[in-house]
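Examination of the molecular architecture
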Amino acid sequence: KIFPGSFVIAGNVSTMEAAIFLEQLGADAIKVGIGPGSACTTYNATGFGSRGIQASAVYMCARVARRAIIIADGGIAHPGDIAKSLVLGAKFVMIGGMFSGLLDSPGTTVEDSQGRRFKEFWGSASVHAPGKKEIGRIEGTKRLIPMKSNTVLEEMEYLKECLQSAISYGGGWDISCFKEVKWMIRNDS
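Residues numbered from 1 in each chain as written. Predicted model: local features only at pLDDT ≥ 70, side-chain atom pairs only at ≥ 80, totals over all residues. Heavy atoms only, no water.

**A closer look at the overall build of the protein chain**
Going by this rule: Secondary structure is summarised from DSSP: a helix means a run of H or I of at least four residues, a strand means a run of E of at least two, and numbering begins at the N terminus for each. Each residue is assigned to one of three classes by its accessible area relative to the maximum for its type, calculated with a 1.4 Å probe on protein chains only: buried under 20%, partly exposed between the two thresholds, exposed over 50%. Between two residues, a contact is recorded if the distance between any of their heavy atoms is within 4.5 Å. Accessibility throughout is a Shrake-Rupley quantity obtained with a 1.4 Å probe, and a residue counts as covered only by protein chains that appear here.
Looking only at helices and strands, one finds five helices and seven strands in the protein chain. Along its sequence from the N terminus, the protein chain presents helices and strands in the succession β-α-β-α-α-β-α-β-β-β-β-α. The buried share among the 189 residues of the protein chain stands at 34%. In the protein chain, once contacts between residues fewer than 6 apart in sequence are set aside, the share between residues at least 24 apart is 48%. Roughly 11,900 Å² of accessible area belongs to the protein chain as shown, and the carbon and sulfur atoms make up 58% of that amount.

The following block contains the structure:
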């Protein structure tokens, strides 16, 4: 009602009840994930979050959403996590750490005493995030990610190929086959 004609993304949530609440308020999309990102310290700092249960949170929120799009936010550490999130009901994923060490990704490049290059990466609720210093956030840390030799576009092409392969293993020709996937194996590594 407040933003007629706008597409409203709300969140972050980690429970079915919160997803229902945001959808009832009119959210067009809901970000699911509190603290599962690699640079996020929300769970340790507050005791709340979906770290360790991100897959279940995405699955449960997707099951109760009637109209809103589910966005899996955090916990995407490997290309296969994208396919898993889509199988669980997400329509989009948010990726931070996987893109952070690329040649043209944002972040300061630093070099250690042995000549190894790294990119700085931080949690979005961290004091290190641009424009956040005056707020004093406590829910994120800064990490150094080893520099990779590819660009964002090259990484996107690689992720596309991984997703295409996942679709073939899912028995389909396009992403719609993920609706038919019945089983996933948990990987603890």
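**As for the environment of Ile34**
Take Ile34: it is sitting in the loop between β2 (29–32) and α2 (42–46). Between the C-alpha atoms of Ile34 and Gly49, which are 15 residues apart in sequence, the distance is 4.5 Å. When neighbours within four sequence positions are excluded, Ile34 is seen to be in contact with Asn12, Val13, Ser14, Thr42, Phe48, Gly49, Ser50 and Arg51.

**A closer look at helix α5 (residues 152–169)**
Test applied: Helix span, expected: 1.5 Å multiplied by one less than the number of residues in the helix. Directions pointing from the helix axis toward each C-beta atom define the arc.
An ideal rise of 1.5 Å per residue puts 26 Å on 18 residues; α5 measures up with 26 Å between its terminal C-alpha atoms. Within α5, the full set of buried residues consists of Glu155, Leu159 and Ile167. Projected down its long axis, α5 carries its buried residues within an arc of 120°, all on one side. Positive backbone phi, approximately 85°, marks Gly171, located one or two places after α5.

**Section: the sheet that holds strand β1 (residues 9–13)**
Our working definition: In this analysis, strands are considered paired if DSSP registers two or more bridges between them. Note on definitions: angles span 0 to 180 degrees between N-to-C directions of axes, and those axes are lines fitted to C-alpha atoms, for helices only across the stretch in contact.
Pairing is parallel across the open sheet formed by four strands, whose spatial order is β1-β2-β3-β4. The sheet is open, and its two edges are formed by β1 and β4 (92–94), each paired on a single side. Taken over all neighbouring pairs, the strand axes of this sheet differ in orientation by 25° on average, direction set aside. With four bridges connecting them, β2 and strand β3 (residues 69–73) associate as parallel partners. Paired with Val32 across the strands is Ala72, a residue of β3. The sheet strands contacting helix α1 (residues 16–24) are β1 and β2, and the helix crosses β1 at an angle near 165°. Across the face of the sheet, helix α3 (residues 54–64) comes into contact with β1, β2 and β3 while running at roughly 175° to β3.

**Considering the sheet that holds strand β5 (residues 109–111)**
With respect to topology, three strands assemble into an open sheet ordered β5-β6-β7, the strand pairing being antiparallel. Whereas interior strands pair on both sides, the edge strands pair on one side only; in this sheet they are β5 and β7 (142–146). Each adjacent strand pair in this sheet contributes to an overall mean axis angle of 40°, direction not counted.

On their own, these measurements won't tell you what the molecule is for.
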